[in-house]
Amino acid sequence: MGKWTYTVSEDPALEKGATLRHEGLEVGLHYSSSIFEDFLDAVFRIQTEFNRRSQEAAPLKAPAGERSGQTSRV
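Residues numbered from 1 in each chain as written. Predicted model: local features only at pLDDT ≥ 70, side-chain atom pairs only at ≥ 80, totals over all residues. Heavy atoms only, no water.

Trainee: Got a minute to help me understand the overall build of the protein chain in this structure?
Mentor: When its secondary structure is counted, the protein chain shows one helix and three strands. Across the protein chain, helices and strands are ordered from the amino to the carboxyl terminus as β-β-β-α. Looking at the protein chain as a whole, 9% of its 74 residues are labelled buried. Relative to all contacts within the protein chain whose residues are 6 or more apart in sequence, the contacts with residues 24 or more apart total 16%. Carbon and sulfur atoms provide 55% of the accessible area of the protein chain, an area that totals close to 6,900 Å². (Helix = DSSP H or I, 4+ residues; strand = E, 2+ residues; numbered from the N terminus. Buried < 20%, exposed > 50% of the residue type's maximum accessible area, 1.4 Å probe, protein only. Contact = heavy atoms within 4.5 Å. Areas by Shrake-Rupley, 256 points an atom, 1.4 Å probe, with all protein chains shown as cover.)

Next up, the structure:
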């Protein structure tokens, strides 16, 4: 999440639950932590799929000096 850190307390004795932290600031996510976790999961899946597709497309790039639509000169 950029410069923000997302943390979740697993200790039931602590009431804080999920928080966002950055440079001494802390935002409690008491009501939205489950929605935020779903959002982060979706972003992670999108990033993973993008990386997979980018790696598959990498070999399809034309070699340096060749441009799409141009015929080679011999």
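Trainee: Help me understand the pattern of salt bridges in this model?
Mentor: Pairs can form between side chains of opposite charge whenever their charged atoms are close. What the rule picks out here adds up to four salt bridges. In this structure, Arg52 engages Glu49 in a salt bridge whose closest nitrogen and oxygen atoms are separated by 2.4 Å. Remark: Glu49 and Arg52 occur in helix 1 (residues 33-57); sequence separation between them is three residues, near one turn of the helix. Classification of Arg52 as partly exposed rests on a relative accessible area of 37%. Among the residues examined, Glu49 registers a relative accessible area of 28% and is labelled partly exposed. Measuring nitrogen to oxygen at the nearest pair gives 2.8 Å for the salt bridge that ties Glu49 to Arg53. (Salt bridge = Lys/Arg side-chain N within 4 Å of Asp/Glu carboxyl O.)

Trainee: I keep staring at the confidence of the model for the protein chain and nothing clicks. Help me out?
Mentor: Note: predicted coordinates in regions of low pLDDT should not be interpreted at a detailed level. Within the protein chain, residue pLDDT values average 78, and 69% of them lie at 70 or more. Per-residue pLDDT, averaged within each element of the protein chain, yields its smallest value for strand 1 (residues 5-8) (83) and its largest for helix 1 (90). (pLDDT = per-residue confidence, 0-100.)

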